[in-house]
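Residues per chain are reported as follows:
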Amino acid sequence: MIELISNSRCIKCNICVSVCPTNVFDKVPGAPPAIARQNDCQTCFMCELYCPADALYVAPQVEPLESVDEKSLIEAGLLGSYRHNIGWSGGQINQAQQDATYQLLKKIE
Ligand code: SF4
Ligand code: SF4
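Novice: Please clarify how the overall build of the chain should be interpreted in this entry.
Specialist: Each helix and strand counted, the chain has five helices and four strands in total. Counting from the amino terminus, helix and strand elements in the chain follow one another as β-α-β-β-α-β-α-α-α. For 109 residues, the compact-globule estimate of 2.2 N^0.38 gives 13 Å, and the chain exceeds it by more than 25% at 17 Å. Expressed as lengths along the three principal axes of its C-alpha atoms, the size of the chain is roughly 55 × 25 × 25 Å. Within the chain, the fraction of its 109 residues that count as buried is 31%. Across the chain, the fraction of contacts at a sequence separation of at least 24, relative to all contacts at a separation of at least 6, is 57%. When the accessible surface of the chain is totalled, it reaches about 7000 Å², and 51% of it is carbon and sulfur. Between the averaged position of the 8 positive side-chain charges in the chain and that of its 12 negative side-chain charges there is a distance of 10 Å.

Now the structure itself:
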């Protein structure tokens, strides 16, 4: 479930507002979006995936956490970790290049 928008990281692009399929966020003029309808979150991770600033944290739990501490999340490397693990972060190696079939086909091209 969506748990946090980092005020210090958010660049107010509102991409998360646009990609959320269940309209969890509200735009706030001149400020990061508000988590307005947390209980509507489907834990789909789309907002975390698309956030260009690694400013969101979606917990894998489908119930709200009792407490969320931004500093601890940053220290644990959890902000944006889904985006990174799925391979959408910049500067990552194309995983297809490590696939044996891909390497074989490249040799016979
Ligand atoms: S995890 Fe999915 S449903 Fe939940 S706030 Fe993000 S985009 Fe919306
Ligand atoms: S996508 Fe990320 S940076 Fe953009 S408004 Fe949402 S939380 Fe902020």
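Novice: Can you help me understand the pairing of strand S2 (residues 25-28) in this one?
Specialist: On a regular strand, one side chain projects to one face of the sheet and the next to the other, so that they alternate. Here three bridges tie S2 to strand S3 (residues 31-35), and the two strands are oriented antiparallel to one another. Its bridge partner being in S3, Phe25 is matched across the sheet by Ile35. Adjacent in sequence and paired antiparallel, S2 and S3 are bridged by two residues, among which Gly30 carries a positive phi angle near 70°.

Novice: How do you make sense of a nonpolar patch on the surface when you look at a structure like this?
Specialist: Among the surface-exposed residues, Ile15, Met46, Tyr50, Ile86 and Trp88 lie close enough to one another that they form a single nonpolar patch of about 420 Å² accessible area. Assignment of secondary structure puts Tyr50 in helix H2 (residues 46-50).

Novice: Just checking my understanding: could you explain the packing of aromatic side chains for this structure?
Specialist: For any pair of aromatic rings, geometry is given as the distance between the ring centres together with the angle between the planes. Scanning the model with the defined rule gives two aromatic pairs in all. Note on Phe45 and Tyr82: the rings are 4.5 Å apart at their centroids and 25° apart in plane angle, and the pair reads as stacked. Of this pair, Phe45 sits in the loop between S3 and H2 while Tyr82 sits in helix H4 (residues 81-86), placing them 37 residues apart in sequence. Here Phe45 falls in the buried class, since its relative accessible area comes to 16%. We classify Tyr82 as partly exposed; its relative accessible area is 28%. Ring geometry for Tyr50 and Trp88: centres 5.1 Å apart, planes at 80°, overall edge-to-face. Linking Tyr50 in helix H2 with Trp88 in the loop between H4 and helix H5 (100-108), this pair joins segments that are 38 residues apart in sequence. Classification of Tyr50 by relative accessible area gives partly exposed; the value is 34%.

Novice: Whenever I open this one, the site of ligand 1 confuses me. Can you help?
Specialist: Among the 14 residues in the neighbourhood of ligand 1, the closest are listed as Cys20, Cys41, Cys44, Phe45 and Cys47. Here the shell around ligand 1 is built from residues that sort into eleven nonpolar, three polar and no charged.

Analysis parameters
- Going along each chain's sequence as written, the residues are numbered from 1 onward.
- By the order in which they are written, chains take letters starting at A while ligands take numbers starting at 1.
- Local features in a predicted model are, by the rule used here, given only for residues with pLDDT of at least 70; side-chain atom pairs are given and counted only at 80 or more, and totals for whole chains, interfaces and linings are based on all residues.
- The basis for every side-chain value is the complete set of non-hydrogen atoms in the structure, without hydrogens or water.
- Secondary structure elements are defined from DSSP: runs of H or I of at least 4 residues count as helices, runs of E of at least 2 residues count as strands, and each element is numbered from the N terminus.
- Just to be clear, the radius of gyration here is over C-alpha atoms, and the globule rule we use is 2.2 Å times residues to the power 0.38.
- Whether a residue is buried, partly exposed or exposed follows from its accessible area with a 1.4 Å probe, protein chains only, as a fraction of its type maximum: under 20%, in between, or over 50%, in that order.
- Any pair of residues with heavy atoms lying within 4.5 Å of one another is described as a contacting pair.
- Method for areas: the Shrake-Rupley scheme with a 1.4 Å probe, in which residue coverage is limited to the protein chains shown.
- Positive charges come from Lys and Arg, negative ones from Asp and Glu, while His and the chain ends are left out of the count.
- Charge positions are represented by NZ for Lys, CZ for Arg, CG for Asp and CD for Glu.
- By this definition, two strands are paired if DSSP reports at least two bridges between them.
- To count toward a patch, a residue needs a relative accessible area over 30% and no salt bridge; like charges are then connected within 9 Å, while nonpolar side chains (Val, Leu, Ile, Met, Phe, Trp, Tyr) are connected within 5 Å.
- By salt bridge we mean one thing: a side-chain nitrogen of Lys or Arg within 4 Å of a carboxyl oxygen of Asp or Glu.
- For this analysis, a ring pair means two rings from Phe, Tyr or Trp (six-membered ring only for Trp) whose centres lie within 6.5 Å, classed as stacked if their planes differ by under 30 degrees, edge-to-face if by over 60, and tilted for the remaining angles.
- To be near a molecule or strand, a residue needs just one of its heavy atoms within 4 Å of it.
- Each residue receives one of three labels: charged for Asp, Glu, Lys and Arg, nonpolar for Ala, Val, Leu, Ile, Met, Phe, Trp, Tyr, Cys and Pro, and polar for the others, Gly being one of them.

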